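Close look at the chain arrangement
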Amino acid sequence: MSLSLLGVDVGGTFTDVVMVRDGKVHVTKVPSDVEHPERAVLEGARRFGVTDTALFNHASTKGLNAVLTRNLPKIGFLTTEGHRDMLDAGRSWRPLDGQLNPRWHRPFGDAARPLVRRYLRRGVRERILADGEVLVKFDAEQAREQLELLKRCDVEGVAICLLNSYVNPAHEHALARLAVEVLGPDVAISMSCEVGPRAKEFPRASTTVIDVLMKLIYGDYARKLWSGLDAAGFKGHLNFADCTASLIPWRQALEGPHRILFAGPAAGTASCVSLGAAIGDGNLIGCDVGGTSTDVSMVVNGAPFINGSFEIEWDLVVNALSTEVSSVGAGGGSIVGVSPSGDITVGPASAGAVPGPACYGRGGVKPTVSDACLLMGILEPHGFAGGQLELDPAAARAAFASLECPFSLEERVAFAWKVALNNIAEEVVNVAIRHGSDPRDFSLVAFGAAGPMLLAGVLELTGARRLIVPPYPGLFSALGLLSTDLVFADSHSRYLMLTPENAGEIDDLLNRMEAELRERLESDGEVEVRRSFDGRLHGQTWETPFVDIPDGRLTASSILDLVQRFHDEYERRNGQCFRDVPLQGATWRVQLISKSTKFEWREIDRQQGVPEAIGKRTLNYITCRPVEARIYARGALGQGAQIDGPAIIQESLSTILVAPTQRATIGRFGEIYIERP
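I will try to describe carefully the structure that is included in this document. Please read these numbers as outputs of a predicted model, since none were measured by experiment.

**Overview of the overall build of the protein**
- Scanning the protein from N- to C-terminus turns up 17 helices and 35 strands.
- The C-alpha radius of gyration of the protein comes to 26 Å, within 12% of the 26 Å expected for a compact globule of 677 residues.
- Structurally, the protein occupies a C-alpha span of about 80 × 55 × 55 Å along its principal axes.
- Taking all 677 residues of the protein together, the buried fraction comes to 57%.
- Contacts in the protein between residues far apart in sequence, at least 24 positions, make up 66% of those at least 6 positions apart.
- Per element, the accessible surface of the protein, about 28,100 Å² overall, is 49% carbon and sulfur.
- Placing the 69 positive and 83 negative side-chain charges of the protein at their respective mean positions leaves the two points 2 Å apart.

This is the structure:
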């Protein structure tokens, strides 16, 4: 019996499940269970069976949604005495719209929605200097008093972040041992020296807070998931995806779960990379249009942009390797409203899974983008989401009629459609420009449940080269989980000048990090080792990230090669370089990549004859007058088939719009290219 692969992406509205068995792809969607998300995952596994499954790769927005909604457990925060307000202070910058606003507050500050209330942030008497020397000894009795207070407050976890612990972690380890003694072994504890021993206190502190929150949010969930899979006969490996969509064995993921916070959007980008490699197109802009938002990411020359940290909200930093993804509040469930000036608006509020769009018939009364698409004729009321839902046009019409504005019903629907398209198009153009690119040189990739029905209009607005709708677009992110490898990564801050006399210390640090990572490996197979560093010109406050370090032992002579690599990377990113300025390494990184079994794209049969339409439907508001669109079944289209718009291509879990003046061509692997002839 051949082994199968299973990928699951848990979203806020649906849980996407992809099974690859005997080279064939099987997909299903399960409505997400907000209170018990493991139930939707286990239901998806039950539908396909997991007794022959070798890999079960998982991504979820559970933790991210908990932070955004502040549905969080109560935790404490311990830091050096006098610095407990670092979580409220954040960093020194503001968004552009807050520069001149005296009432602006950080979204996670005490005046807004803090992650940790101030009375639960306690100072501990100790102090370590930047060179690792102890200035003030650790006061165990005073620390015990602070821990006793947290115990009386019934905290479920504690984040520990002492000043300069990335250089000398002795005091953090002593405080953690004392915390276990006072609070008991069941209280989750995260230490910044283990979570991410990197310089700059606030990002390290915020990452540690997020880490302990994720331990509490994902710990019970992961154990219930593993227990349910075991009961279903699963004997393979369960992996969680991190923020670059790389895979981590689930028990190791729970040791540092801040890394899995943003896995879902990263998985979509990984799937774009895989598809781009198969079709020979390395310049892509991925648009993952879900129920709440559109996540936009770029792939340039076959590789995504990877950052050393990311922000959940403005200035709320998580120090973890992450795929660069930008979001805009425009998805299938985005609520259509009216601004104070009487304009139609779309998002950022969303109807979510419950009650959902009005047309779902689950109690929703506010109009959404999906309601607009139903009234426009893009969506078919019958057989939605693989037959799991019957859409209600009357409810969608009533929702739009309830808006308080002077527009007619037809104008409200048309404007909602156009505003949603413009919101997405604006974000696509902004992302391209931020990277110095022209969107006309890129192909858009439309995925997510709502992407294929919206992106045909976005293609016209952005001027992109073409639109690509991949196979299984509604579950494309879940498919990306079957396109990546197991990666074990570590990073450590240590400020060292790139001079020959420091070569030995740098080499020792990298070797020690690699040895610790190899202890985490679950097999003795071959692994690829990648080493890099974040460096800066001496005196700069920011670093140039991911400068490659060559293989082999670092010596006094090879340091010169490291210096040359830094200057080349600096010039590539900034257009200039300063080769006479001394260099300083700030953060050192090691990755061990263990190759995993992956999904492979398979060619489909060529089209025999002219594609036959299975019906017709009138589309409203696509142009200035109604147009008649032919309807095609995607499964009946072969390689090379061509369809001129206006047309609708239907599959069980997605609807693809081909607008007037556009032409759709079926590619080698079943992907659809939509272009302006």
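**Comments concerning unusual backbone geometry**
- The omega torsion of the bond from G645 to P646 falls at 5°, within 30 degrees of zero and hence cis.
- Secondary-structure assignment places P646 in the loop between β31 (642-644) and β32 (647-651).
- Not every positive phi belongs to a glycine, and D315 is a case in point at roughly 70°.
- Relative to the helices and strands, D315 is located in the loop between β17 (310-311) and β18 (317-318).

**Looking at the side chain of R466**
- With respect to the element layout, R466 can be found in strand β24 (residues 466-469).
- Take R466: its relative accessible area is 16%, and that puts it in the buried class.

**With respect to helix α9 (residues 263-279)**
- Across its 17 residues, α9 extends 25 Å between first and last C-alpha, which sits within 8% of the 24 Å expected from 1.5 Å per residue.
- Taking burial as the measure, the 17 residues of α9 include 14 buried ones, the bulk of the element.
- Just beyond α9, the residue with positive phi is G280, at close to 75°.

**Digging into the environment of F578**
- Relative to the helices and strands, F578 is located in the loop between α17 (558-574) and β28 (583-594).
- Separated by 11 residues in sequence, F578 and H567 place their C-alpha atoms 7.4 Å apart.
- When residues no more than four places from it in sequence are discounted, the contact partners of F578 are L537, H567 and Y570.

**Some remarks on the sheet that holds strand β30 (residues 627-633)**
- Pairing is mixed in the open sheet, where four strands are placed in the order β29-β30-β32-β33. Looking at which strands have only one partner, the edges of the open sheet turn out to be β29 (615-619) and β33 (654-658). Across the sheet, the mean angle separating the axes of adjacent strands is 30° when strand polarity is ignored.
- Note: β29 against β30, five bridges, orientation antiparallel. Note that in β30 the partner of L619 across the bridge is V627.

**Here we look at the pattern of salt bridges**
- Scanning all chains against the criterion turns up 38 salt bridges.
- Across the pair E43 and R46 runs a salt bridge, and its minimum N-O distance is 2.7 Å. Linking E43 with R46, this pair stays in helix α1 (residues 37-48), spanning three residues, or about one helical turn.
- Residue E43 is classed as partly exposed on the basis of its relative accessible area of 23%.
- What makes R46 exposed here is its relative accessible area of 57%.
- We note a salt bridge from K215 to D211, for which the minimum N-O separation is 3.8 Å. Of the two residues, K215 and D211 are both situated in helix α7 (residues 201-231); the distance of four residues between them amounts to about one turn of the helix.
- Several salt bridges share partner residues, and in doing so they unite D485, E528, R530, K595 and K598 into one network.

**Focus: α17**
- Relative to the 24 Å expected for 17 residues at 1.5 Å per residue, α17 spans 25 Å between its end C-alpha atoms, a close match to the ideal helical length.
- Listed in full, the buried residues belonging to α17 are S558, I559, L562, V563, F566, H567, E569 and Y570.
- In this structure, the buried side of α17 is in contact with α16 (503-518), β26 (528-537), β27 (544-548) and β28.
- Phi turns positive one or two residues past the end of α17, at G575, with a value near 80°.

**Quick notes on the environment of G256**
- By the secondary structure assignment, G256 is in the loop between α8 (250-253) and α9.
- Judged by relative accessible area, G256 falls into the buried class, the value being 7%.
- Expressed as a C-alpha distance, the spacing of G256 and T484, which sit 228 residues apart in the sequence, is 20 Å.

**Describing the environment of I666**
- Structurally, I666 is set in strand β34 (residues 663-666).
- The spacing of I666 and A515 is 151 residues in sequence and 48 Å in space, taken between C-alpha atoms.
- Once you skip the residues sitting within four places of it in the chain, I666 turns out to touch I604, L637, G638, Q639, G640, A641, E671 and I672.

**So, a nonpolar patch on the surface**
- Among the surface-exposed residues, L129, L135 and V136 lie close enough to one another that they form a single nonpolar patch of about 230 Å² accessible area.
- Relative to the helices and strands, L135 resides in strand β8 (residues 134-136).
- The class of L135 is exposed, set by a relative accessible area of 56%.

**Here's the deal with the sheet that holds strand β6 (residues 121-124)**
- The strand order across the open sheet formed by four strands is β6-β5-β9-β10, and the pairing between neighbours is parallel. Each edge of the sheet is formed by a strand with only one pairing partner; in this case those strands are β6 and β10 (188-191). Across this sheet, the average inter-strand angle for adjacent strands is 20°, counted without regard to direction.
- When strand β5 (residues 75-80) meets strand β9 (residues 157-161), the two strands line up parallel, connected through five bridges. Residue pairing in the sheet places I75 in a bridge with G157 of β9.
- Contacts from helix α4 (residues 140-152) reach β5, β6 and β9 within the one sheet, and its direction differs from that of β6 by about 170°.

The rules behind the values
- Every chain's residues receive numbers from 1 upward, in the order its sequence appears when written.
- A pLDDT threshold of at least 70 governs which residues receive local features in this predicted model, and a stricter bar of 80 or more applies before side-chain atom pairs are shown or counted, although totals over entire chains, interfaces and linings include all residues.
- Side-chain metrics rest on all non-hydrogen atoms present in the structure, leaving aside hydrogens and water.
- Helix numbering and strand numbering both begin at the N terminus, where a helix is a DSSP run of H or I of at least 4 residues and a strand a DSSP run of E of at least 2.
- We compute the radius of gyration from the C-alpha atoms alone; for a globule the expected value is 2.2 Å times N to the 0.38, where N is the number of residues.
- When a residue's accessible area, from a 1.4 Å probe over protein chains only, is under 20% of the maximum for its type it is buried; when over 50% it is exposed; and in between it is partly exposed.
- A contact between two residues is defined here by any heavy atoms of the two lying within 4.5 Å.
- Each accessible area is a Shrake-Rupley estimate made with a 1.4 Å probe; only the visible protein chains count as cover when residues are assessed.
- Positive: Lys, Arg. Negative: Asp, Glu. His and the chain ends are not part of the count.
- In this description, the location of a charge corresponds to atom NZ of lysine, CZ of arginine, CG of aspartate or CD of glutamate.
- Any helix carries an expected span of 1.5 Å times its number of residues minus one.
- At least two DSSP bridges between two strands are required for those strands to pair.
- Structural elements are reduced to axes, namely lines fitted to C-alpha atoms, with helices fitted over the stretch in contact, and the angle between N-to-C directions of any two is expressed from 0 to 180 degrees.
- The term salt bridge refers to a side-chain nitrogen of Lys or Arg lying within 4 Å of a carboxyl oxygen of Asp or Glu.
- Patch definition: residues above 30% relative accessible area lacking any salt bridge, with like charges linked at up to 9 Å and the nonpolar side chains Val, Leu, Ile, Met, Phe, Trp and Tyr linked at up to 5 Å.

Keep in mind these numbers describe shape, not what the thing actually does.
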